[in-house]
Structures are given as C-alpha cells and as structure tokens.
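Structural characterization, general
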Amino acid sequence: VNVGVPQFCVLQKLKQEAVPEKKIKMFKEVFGLVECEDKNDANDNNVITRLPPKPPQKRRRTSVTMQKIHWRELSTEKLQGSLWETCNSDGSELGQDEIKQIESLFSAAPSKLLKVKAKPSTKSNKVKSQTNLIEMKRANNIAISLAQFRCFENYDDLCEAVVMQSKEKLCAEKLHNMQKLLPTKEELNVINSINQTDGLGRAELFFVSVAKISRFAAKLDAFTFSIQFSEQDQQISQLLDSLEQACLDIIGSEALGSVLRRILAVGNLMNESVGKSPAAGITLDSILKTSNKKGLDGKTTVLDHVVGTLMKQEEHDSNTLNFWDDMQSVRGATRIDLRDCKTNYNQLRSSLKKTNGTLNVESKLVKRGAGGKKLKTFVEKCTSFSALASSRLEALSKRLSEVEDAVNSLCNFFGEDPCTCQATSIFAVLTSLAQQVKSSKEIWARKEKARLKT
C-alpha cells in the first residue's frame, strides 16, 4: 500500500496466501474495507467495497499565526484502548477566553526581516526637499567649491565682503575661484523669477546673494585685480631685471669675446686655404657650426683645438675659458622672453582700464546718493588703487623700454637684427657653447694626463 499498490489487490493477495483471518480483518478495519455479503445478489458475492467516509471534522482557526509544534501522530490501531481513544481532537473544550490567552502566549514570533527598519537618511531627505533651479551637475560642483567660504555665516556676507574689498578672509586664489562660480545671465533670470528661498540648494542660495548686488561680477573682477596687481607687477619687474642683467653681462664679458675671436681666427685660417677672404665676423648660428667642425680624425673639433691652445699658453688668462662662471644671470634668464613681458604688461593695462570703467559707473551712483555706505567704500578703495596702479604701470612701461634697448644692444653685439633675433636664441647658443667648452677641457685634461704618464 505504501508503494502505491491498490488496497483491494493487497486484500486479495492476503486471502490467496492464507493469511490468518484475524489479520485480514484488522487490515480491512484499518483501511475502511468491508465485504458485501448480500446473498440475493449473485453477481456481487464477495465484492469488496469502501466504507462511507467520515464526516469532515470542524477545524478551528486562530486569529493569529501560532508557533508550530513538531510531533509524531499515533496510527489508528494504536489509538484503540489508549488514553486518546475518547479524546476530542476538535478542541471544543477550549473557551474563547482561553484561546485568546493561548494566542497571546504562543503566537508565532514576527520575522526578523520585518523588524529591520531602514535608517533614516538625513542627507537623502534633505536633498529631496531641496529645489534645484539649475542643472544638477553644475549645482553640485558649485556647492563643493563654496565650501572654501565656510568662514562666512552666509552668502550675503560673502558678497558684501567682495563689495567692501575686505582682505581679511579673501585672498586672490579664493577670488579667482569665485569668478568661476558666478551665474550666467540665463541663471540669473531664473533666480530673479522666484519669490522665496525656502528649500533652495547652496548653489541657488549663492546665486540669490549675487543677484542682490548690481554688477557684482564687475565688482569682483575689480577686487581680484587689485589684490593680484602688486604680485604681477613685481613678477614682471623681476623678469625685466634678470633679462637686462644677462644682456649686460654678455656684452661686458671679455673672456667670452676672446674665445669667440679665437674661433673666428681658426675658421679664417681654414678658409684661406680654399681662396676665401677672411671674415670680419660670423653670425650666431655660424659660431656653433665652426666650433663643431671636426678634423681628419673625426673626433677633434675646432673648439677642442681652441681650448687646448689656450690651456697650453703659459701667459694665457686662466679665466678666459671660465667665462660661463661669470654669467650666472644668463642661466636664470635663458627662458625669459621680452615678448611675454610685454604681453603681461598689456594685460595689466587692459585690466586697469576695465576697473576704471567699473569705477566710473559706481562713482556716478554714489554722487547721486545711491548704493549706500558699502558702495561708497568700494568707490573709495577702487579710486585709491587706480591711482597707485596707474603710477606703477607708467614706471613699468619705462622699464620695458630700457630692457628692450638692452636686448637690442645684445643683438647688435652679435651682428643680429633685433627685429628677427630674440635674446632667448642668443642665450641658447651661449649655453650650448659653454657645455662644449667644458667637454673640451675634460678631453684635454685626459690627453695631458696620458702624455705625462708616458
């Protein structure tokens, strides 16, 4: 039966194998089988039928899920004669009050997953409550950059500090960064269209503060320029000083002139053999070509010969080949281009002109009594700065002319056209020549050491 064999077949098999009647009867009782013994029905003698099913028992369901009890039930044959034989399994003896008590004591524990509650995210809720009026990525970048202005209680104070040109909490770097955060014309139109600031993000709040001040961008540019001007003016002046000193040192170096004239003399001697007239001077690029000219051995150059000759002469000036040691200024000026200095000067002049334009507009408002104390302070500070900057730019302009004359003199010293030749080109040639002289001196020293050994 457990493996799926029909109960009637099992019963017939028991009878065929002469199983005791007592066991057969027990089998029929367990599975509810009975033989039909109606003698009037000849066709249905000994037909096995199934007992009518028992009426379904009423099952009571609790109002809550209860804990499960894992037990094993007794078989039907074991119930007979046991204490469970007369027991009511429907639980009718339990009253409603008792059922409720049982439910409260033995109800199933709620799932642990149901107890887990998501931690409230203050940041998430805050972001959801904000109103974003500008593009999200730009708003986030601006909010991050605004962190450098935490020293101000709010963005109104920050913008007012710009108008008042307060240098206590603002430096040139921060002002330069603020210039990158300013709203566009379209963004200002959006900001001006709102009536309340509740729920706005940090970028929008910053834009609101900027919108409260007319021509804030121009005021910020003026303040930034006033802070940066002194440093930029000093940098240009230092570059001009270094460039002028390098030109003067080259022109005044007698040792450099001696080496270059010796190279020219050797070159003229070589050219005389082919019928060329001696040259009174050679161009800048020809200096390196001549000094690098190699002899028959494929190693010794004209400069090697010149250096060796000067080293052998007993009466030679020991400082002749050390001309580069006296040109420290040239080393520091190798990358200084006068054209860059002029460009930086013109930028300062243009920024001052722009600042003066802003000053004129705001001064007219102050004269009419508009703008209040803060605008008046802005005008006063800008007026003082403009006068100082104008004086410094005039001095810087004169300095540019003086250094330009020195560069032209340097070009003329080498027979080059000042309109096409730059000081940086001359510095590069002399730097290369100095390195070759150093190498030639090392070669001569090794040869001299080898000669003395022999």
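**Here we look at the side chain of S291**
Mapped onto the secondary structure, S291 falls in helix α14 (residues 284–291). Using a relative accessible area of 0% as the deciding quantity, one classes S291 as buried. Side chain to side chain, S291 and Q436 meet in a polar contact 3.4 Å long. Those residues within four positions of S291 in sequence are excluded, and the remaining contacts are I263, T301, V302, L303, L433 and Q436.

**What about the environment of D157?**
Secondary-structure assignment places D157 in helix α8 (residues 155–163). Taking the C-alpha atoms as reference points, D157 and S209, 52 residues apart in sequence, are found 8.7 Å from one another.

**Describing the environment of R138**
For R138, the position within the fold is in helix α7 (residues 136–145). On the basis of relative accessible area, R138 is assigned to the partly exposed category, the value being 24%. As a C-alpha pair, R138 and A203 span 65 residues in sequence and 8.6 Å in three-dimensional space. Sequence-distant contacts of R138, defined by excluding residues within four places in its chain, comprise K180, L181, L182, P183, T184, E187 and F207. In this structure the side chain of R138 is engaged in a polar contact, spanning 2.6 Å, whose partner is the side chain of E187.

**Some words on the packing of aromatic side chains**
Counted by the stated rule, this structure contains 6 aromatic pairs. Between the aromatic rings of F229 and F385, the centroid separation amounts to 5.7 Å while the plane-to-plane angle is 85°, which identifies the pairing as edge-to-face. Within this pair, whereas F229 is found in helix α12 (residues 216–251), its partner F385 is found in helix α18 (residues 372–413), the two being separated by 156 residues in sequence. By relative accessible area, which is 11% here, F385 ends up buried. Members of the aromatic cluster, connected to one another through ring pairs, are Y155, F206 and F207. Directly above the ring of F378 sits K219, whose terminal nitrogen or CZ lies 5.9 Å from the centroid.

**Observations regarding the packing of α12 against helix α17 (residues 338–367)**
Viewed as axis vectors pointing N to C, α12 and α17 meet at an angle of 155°, and their least axial separation amounts to 10 Å. What the angle tells us is that α12 and α17 run roughly antiparallel. The crossing of α12 and α17 is left-handed. Contacts between α12 and α17 pair A218, K219, D221, A222, F225, F229, Q232, D233, I236, L239, L240 and L243 from the former with L338, C341, N344, Y345, L348, S351, L352, K354, T355, T358 and E362 from the latter. For the contact of α12 with α17, a count of residues per class yields 13 nonpolar, 5 polar and 5 charged.

**Brief notes about the confidence of the model for the protein**
Here the protein averages 80 in pLDDT, while 74% of its residues score no lower than 70. Within the protein, helix α5 (residues 112–115) has the poorest average pLDDT of any element, 44, and α12 the best, 95. In this model residues 36–45 is a low-confidence stretch, pLDDT under 50, and it forms 5 contacts with partners more than four residues away in sequence or in other chains. Ignoring residues within four places in sequence, the model shows residues 123–128, a span with pLDDT below 50, making 0 contacts including any to other chains.

**Let's talk about the side chain of T355**
In this fold, T355 is placed in helix α17. Residue T355 is classed as buried on the basis of its relative accessible area, which comes to 4%.

**So, the pattern of salt bridges**
Tallying each qualifying case throughout the model produces 14 salt bridges. Between D156 and K212 there is a salt bridge whose closest N-O contact spans 3.0 Å. With a gap of 56 residues between them, D156 in helix α8 and K212 in the loop between α11 (202–211) and α12 connect regions that are remote in the sequence. A relative accessible area of 26% means that D156 is categorised as partly exposed.

**Things to note about the nonpolar core**
Among the nonpolar cores identified, the biggest contains 54 residues, and I250, F323, F414, F427 and L433 are the most heavily contacted of them. For this core, the secondary-structure elements that each account for two or more residues are α12, α13 (254–272), α14, α15 (302–312), α17, α18 and α19 (423–453). The leading source of residues in this core is α18, at 10 residues. In contact with F323, not counting residues within four places along its chain, are S253, A255, L256, V259, L433, A434 and V437. L175, A203, I213 and F223 belong to the second-largest nonpolar core, a separate cluster that totals 37 residues.

**A closer look at the packing of helix α10 (residues 185–192) against α11**
One can describe the packing of α10 onto α11 by two numbers: an axis separation of 10 Å at closest approach and a directional angle of 90°. As summarised for this structure, α10 and α11 are arranged roughly perpendicular, according to the angle between their axes. Between α10, through E187, L188, I191 and N192, and α11, the contact on the second element is made entirely by E204, F207, V208 and A211.

Quick notes on the rules
Residues numbered from 1 in each chain as written. Predicted model: local features only at pLDDT ≥ 70, side-chain atom pairs only at ≥ 80, totals over all residues. Heavy atoms only, no water. Helix = DSSP H or I, 4+ residues; strand = E, 2+ residues; numbered from the N terminus. Buried < 20%, exposed > 50% of the residue type's maximum accessible area, 1.4 Å probe, protein only. Polar contact = N/O pair within 3.5 Å; in protein donor to acceptor, adjacent residues only side chain to side chain. Contact = heavy atoms within 4.5 Å. Phe/Tyr/Trp six-rings, centres within 6.5 Å; stacked < 30°, edge-to-face > 60°. Lys NZ or Arg CZ within 6 Å of the ring centre and 35° of its normal. Axes fitted to C-alpha atoms, helices over the stretch in contact; angles between N-to-C directions. Parallel < 35°, antiparallel > 145°, perpendicular 65-115°, else oblique. Left-handed = near helix turned anticlockwise from the far one by under 90°. Nonpolar A, V, L, I, M, F, W, Y, C, P; charged D, E, K, R; others polar. pLDDT = per-residue confidence, 0-100. Salt bridge = Lys/Arg side-chain N within 4 Å of Asp/Glu carboxyl O. Core = buried A, V, L, I, M, F, W, Y, C linked by side-chain atoms within 4.5 Å.

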